[in-house]
Amino acid sequence: MSKKILVIEDEPAISMAVRDELAFEGYTVDVTDDGDTGLEKILENRPDLVVLDLMLPGKSGFEICREVREQGLKTPIIMLTARTQDADRVRGLDLGADDYLVKPFSLAELLARVRAVLRRSGTEGQETKGSGPLQAGDLQVDPRKHKVFKGAVEVNLTPIEFQLLELLLRRAGEVISRDEFLNQIWGEKVYVTPRVVDTHMAALRKKIENDLNEPSYVISVHGVGYKLNETLTGT
Ligand code: CA
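## Here we look at the coordination of the calcium ion
- Listed as protein donors to the calcium ion are Asp-10 (OD), Asp-53 (OD) and Met-55 (O); their distances from the metal cover 2.1 to 2.3 Å.
- Sequence spacing of the donor residues for the calcium ion, all on one chain, is D-x42-D-x1-M. Separated by 43 residues along the polypeptide, Asp-10 in the loop between β1 (4-8) and α1 (12-24) and Asp-53 in strand β3 (residues 49-53) bring together distant segments of the chain.
- Given the relative accessible area of 3%, Asp-53 is considered buried.

## Considerations on the packing of helix α6 (residues 159-170) against helix α8 (residues 195-208)
- Direction vectors running N to C along α6 and α8 enclose 85°, while the axes themselves pass 9 Å from each other. Looking at the two axes, α6 sits roughly perpendicular to α8. The residues of α8 that touch α6, namely those facing Ile-160, Glu-161, Leu-164, Leu-165 and Leu-168, are Val-197, His-200, Met-201, Ala-203, Leu-204, Lys-207 and Ile-208.
- Among the residues forming the contact of α6 with α8, the class breakdown is 9 nonpolar, 1 polar and 2 charged.

## A short note on a negative patch on the surface
- A grouping of Asp-36, Glu-40, Glu-44 and Glu-63 is seen on the molecular surface, where their side chains present a negatively charged patch.
- Among the elements that take part in the negative patch, helix α2 (residues 35-45) stands out by supplying 3 residues, more than any other.
- For Asp-36, the position within the fold is in helix α2.

## Re the nonpolar core
- Judged by nonpolar contacts, the single largest core of 27 residues is most densely connected at Val-148, Leu-165, Leu-168, Phe-181, Val-197, Met-201 and Ile-208.
- Sorting the residues of this core by element identifies β6 (134-136), β7 (139-142), α6, α7 (178-186), α8 and β12 (225-228) as the ones contributing at least two each.
- Sorting elements by how many residues they give to this core places α6 first, with 6 residues.
- Each residue touching Val-197, except ones within four places of it in the same chain, is listed here: Leu-164, Arg-178, Phe-181, Leu-182, Trp-186 and Tyr-226.
- Of all hydrophobic cores here, the second largest spans 17 residues; its members include Val-51, Leu-80, Val-114 and Val-117.

## Structural notes on the packing of α2 against helix α3 (residues 61-70)
- Contact geometry of α2 with α3 gives a least axis separation of 10 Å together with a crossing angle of 25°. Comparing the axis directions of α2 and α3 gives the class roughly parallel. In terms of crossing hand, the pair formed by α2 and α3 is right-handed. Judged by residue contacts, Gly-35, Leu-39 and Ile-42 of α2 engage Ile-64, Glu-67 and Val-68 from α3.
- Of the residues contributing to the contact of α2 with α3, the split by class is 4 nonpolar, 1 polar and 1 charged.

Rules and cut-offs
Residues numbered from 1 in each chain as written. Predicted model: local features only at pLDDT ≥ 70, side-chain atom pairs only at ≥ 80, totals over all residues. Heavy atoms only, no water. Donors = N, O, S within 2.8 Å, 3.2 Å for Na, K, Ca; no water. Helix = DSSP H or I, 4+ residues; strand = E, 2+ residues; numbered from the N terminus. Buried < 20%, exposed > 50% of the residue type's maximum accessible area, 1.4 Å probe, protein only. Axes fitted to C-alpha atoms, helices over the stretch in contact; angles between N-to-C directions. Parallel < 35°, antiparallel > 145°, perpendicular 65-115°, else oblique. Contact = heavy atoms within 4.5 Å. Nonpolar A, V, L, I, M, F, W, Y, C, P; charged D, E, K, R; others polar. Patch = residues over 30% accessible without salt bridge, like charges linked within 9 Å, V, L, I, M, F, W, Y side chains within 5 Å. Areas by Shrake-Rupley, 256 points an atom, 1.4 Å probe, with all protein chains shown as cover. Salt bridge = Lys/Arg side-chain N within 4 Å of Asp/Glu carboxyl O. Lys, Arg positive; Asp, Glu negative; His and termini not counted. Charge placed at Lys NZ, Arg CZ, Asp CG, Glu CD. Core = buried A, V, L, I, M, F, W, Y, C linked by side-chain atoms within 4.5 Å. Left-handed = near helix turned anticlockwise from the far one by under 90°.

Shown next, in the form of C-alpha cells:
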C-alpha cells in the first residue's frame, strides 16, 4: 500500500510542485493550504508523513507540530521554512519536527528527505511492533505469539477480536471510532457497516470482562466508539 503524505502549504506553486513530484513517485498525496484544516487532517487521516510549511493561514506550522506531539502522535514531519532564521528556530525550539528544508529547495532534495524520514519511521514502527507483550490490568497481549492471557488463563480470541484488543491497548485511553476500527482492521476497501465493530466488540467483551454490565476493560464512548480503560495501563 502506498504511503500517505499530507502537504500543508499555502503557496500554490510550491504545494502543486511537491504534490506532483510525490504523486509521481507513487505516494498518495493530500494537499491543504491552511493550518486549521491541516491539523484536523493529521488527526483524522493519520498520514504516514507530513510536509508542513511554517507560515500558514490559521494555525502555524509551529503550533501544528506542537499539538500533534502533545496528542502523542509520532507522525513524521518535515518542516518547510522560508528563512534561515526560521530554520534556526525549528532546530532551537525542538518541536518534534523530524527534518526541515529551507526554501527554495529542490524537489530532489525534498524527495531524499521524505525517503530518509519514512525509512527511519518505518524501522522504528517495526521495532515497537515487535516489542514485548502489551499489558492492561491482568490482561496480557503478546502480538508476536498472538496470545492473550487473563491472569494465568489463556483467552482464545478470533483474529478480529485479537486485532480489536491489540489496537485498544496500543492506543490506551484514546477513543477509537468505529470507522477507524474498520479502516485499521477490515481495510478501507471492504464494505461492511460500523455495526460489525459492535458485534465483534461484544464478543471480545464476553471473553475478557468480569461483569458485562459494568465493563472494566473496554469502555463504550457513546456515539463515537471505544477506548481501553486507561487506569489499567497506568499511562
Ligand atoms: Ca507559507
